[in-house]
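Letter by letter, the chains look like this.
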Amino acid sequence: MRSEGIVLVTGGSRGIGAATATLLAEQGKQVVVVDIQPEPIAGAILWPAPFDVASEGGVVAGIADIEKAHGPITGLVNAAGIFGRMHRLEKVRMEQWDREVNIDLRGTFMVARSVGVRMAERRHGAIVNVASVAGMTSGPIHAYTAAKAGVIQVTQTLAAEWGRAGVRVNAVSPGFTRTAMLEAGIASGAMNKALMERYAAMNRMVEPVEVAQAIAWLLSPLSSAVTGINLPVDAGFLAGSTWGAYGGLPEPPAS
Ligand SMILES: NC(=O)c1ccc[n+]([C@@H]2O[C@H](COP(=O)([O-])OP(=O)(O)OC[C@H]3O[C@@H](n4cnc5c(N)ncnc54)[C@H](O)[C@@H]3O)[C@@H](O)[C@H]2O)c1
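Predicted model, so just to flag it, every value in this text is computed and none were measured.

What counts, and at which threshold
Residues numbered from 1 in each chain as written. Predicted model: local features only at pLDDT ≥ 70, side-chain atom pairs only at ≥ 80, totals over all residues. Heavy atoms only, no water. Pairing = 2+ DSSP bridges. Helix = DSSP H or I, 4+ residues; strand = E, 2+ residues; numbered from the N terminus. Contact = heavy atoms within 4.5 Å. Axes fitted to C-alpha atoms, helices over the stretch in contact; angles between N-to-C directions. Expected span 1.5 Å × (residues − 1). Buried < 20%, exposed > 50% of the residue type's maximum accessible area, 1.4 Å probe, protein only. Salt bridge = Lys/Arg side-chain N within 4 Å of Asp/Glu carboxyl O.

Some remarks on the sheet that holds strand β3 (residues 45-46)
Note: strands within a sheet are paired through backbone hydrogen bonds, in either parallel or antiparallel orientation. As summarised here, the arrangement of the 7 strands in space is β3-β2-β1-β4-β5-β6-β7, forming an open sheet in which the pairing is parallel. The two strands at the open ends of the sheet, each matched to only one other strand, are β3 and β7 (230-233). With 4 bridges connecting them, strand β6 (residues 167-174) and β7 associate as parallel partners. Within the sheet, the bridge partner assigned to V172 lies in β7 and is L231. With respect to the sheet, helix α4 (residues 142-162) is in contact with β5 (125-130), β6 and β7, its orientation differing from that of β6 by roughly 160°.

Below is the structure:
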């Protein structure tokens, strides 16, 4: 165990969580990865038991066991999540709504609470929740957009809750990011890669490592006065997505 404690990454076996675990390990952090389907990540410690962020008992017991085995958690990345099912309003099944909200919002809150109260007692820690630009815009993913908007709100509330206790809480909101989750959506025809790129100011999707870099900054002392924010990492999707109404985004000048 190193004196600076460990960074816990939920959903760390794939996608944005895996990219974050890899980057933090490369930066010399002691990283512990938990996932509902645990798979090892080079340089990180894998918590071998399946860890379901939607299980209250599992989260509370799991966090206690992880600290007992690996020492105090000083950094937390809440990256576990599932993407929303796209449905017309009339077709939204409430079991699916509950599943998305349970994992994406309730799970994020439960893990942040379990870890954050321990950090607050020790007067030290940083938490980053992975929200989404979907939580700041509308889309036919009714539960997902609501859950992610909730994550942004919970982030602010927890930042205020623990500000005096030395615990910073921030969110990142990735735009369309090239993970297996998104590639599956594209492959199924539910999402359109060309349009995702066209509406982003930078005319491209985001790489998982680019989200990881923002998370690493929010965990680090380089952001020591930053708490309660929601940082979009979206290749300019929020900035560019309304330009279609004005004829589209300009092409770069000829070089
Ligand atoms: N990929 C994108 O375009 C994008 C955009 C915005 C936000 N996000 C968010 O980023 C986060 C990571 O998404 P991703 O694209 O890397 O997806 P991913 O599917 O590649 O990775 C998600 C990981 O979370 C794990 N997981 C799922 N349910 C879990 C549970 N109940 N308990 C513990 N672990 C669980 C999965 O096993 C997987 O390893 C999610 O919260 C997602 O909503 C993704």
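On we go from here.
Remarks on helix α1 (residues 15-26)
With 12 residues, α1 should reach 16 Å at 1.5 Å per residue; the first-to-last C-alpha distance of 17 Å fits that figure. Among the 12 residues that make up α1, 9 are buried, leaving the element largely enclosed by the rest of the structure. Where α1 is concerned, the buried positions are I16, G17, A18, A19, T20, A21, L23, L24 and A25. One or two positions beyond α1, positive phi appears at G28, with a value near 95°.

A short note on the pattern of salt bridges
Throughout the structure, instances matching the rule amount to 11 salt bridges. Two residues, E56 and R113, come together in a salt bridge whose shortest N-O distance is 3.6 Å. Here R113 lies in helix α3 (residues 94-122) and E56 lies in helix α2 (residues 56-70), a separation of 57 residues in the sequence. Measuring nitrogen to oxygen at the nearest pair gives 2.8 Å for the salt bridge that ties R122 to E67. You can see R122 sitting in helix α3 and its partner E67 sitting in helix α2, a full 55 residues away along the chain.

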